[in-house]
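Report on the structure
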Amino acid sequence: MDATVVVGDDCKVENFASIYRGVTIGNRVFVGPHVCFTNDTYPRAVSPDWKVLPTKVENGASIGANATILCGLTIGRNAMVAAGAVVTKDVPPHALVAGVPAKIIGWVCECGRPLDAKFRCAHDGKSYPELSSKRNPRSRSRK
Ligand SMILES: [Zn+2]
């Protein structure tokens, strides 16, 4: 962990996570093993005018093993970043993102489990009507 990194209360930061200057992590955030935050959009060995580009992880978010988070982004409250994802854009609250570059593939509950097509959690019954304006990949019919 670099100087000036801020990590909130009740976080879990696993082995070999690289958290560089400019990163602010909220409360109850999970940072999986080998997660890499970056802090330079135009990396060169020598950059005389380099400035830190801040990155924020909001309360309750989780970042899976080996994910890479580019700088200047916000990972929203209770969002879930899949293992191995490369995050290049802001992640909205409760979004589940995966892939390279990371895309929204669903939405998750505060408990981390996926929400159904009606933005309801089958595990604890919580529902998130405020998300209903979002496109939900799970609402497409599957065969
Ligand atoms: Zn739940």
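Right above here is the structure, for reference.
The structure reproduced in this document is the subject of the present report. (Residues numbered from 1 in each chain as written. Predicted model: local features only at pLDDT ≥ 70, side-chain atom pairs only at ≥ 80, totals over all residues. Heavy atoms only, no water.)

Description of the pattern of salt bridges
In total, this model carries one salt bridge according to the counting rule given. Between Lys126 and Glu110 there is a salt bridge whose closest N-O contact spans 3.6 Å. Placement of the pair is Lys126 in the segment after strand E13 (103-107) and Glu110 in the segment after E13, with a sequence separation of 16 residues. (Salt bridge = Lys/Arg side-chain N within 4 Å of Asp/Glu carboxyl O. Helix = DSSP H or I, 4+ residues; strand = E, 2+ residues; numbered from the N terminus.)

Description of the coordination of the zinc ion
For the zinc ion, the protein coordination sphere consists of Cys109 (SG), Cys111 (SG), Cys121 (SG), Asp124 (OD) and Asp124 (OD), at 2.3 to 2.6 Å. Written as a sequence motif, the donor arrangement for the zinc ion is C-x1-C-x9-C-x2-D. Placement of Cys109 in the segment after E13 and of Asp124 in the segment after E13 is noted, with a sequence separation of 15 residues between them. You can call Cys109 buried: its relative accessible area is 1%. Here Asp124 falls in the partly exposed class, since its relative accessible area comes to 34%. (Donors = N, O, S within 2.8 Å, 3.2 Å for Na, K, Ca; no water. Buried < 20%, exposed > 50% of the residue type's maximum accessible area, 1.4 Å probe, protein only.)

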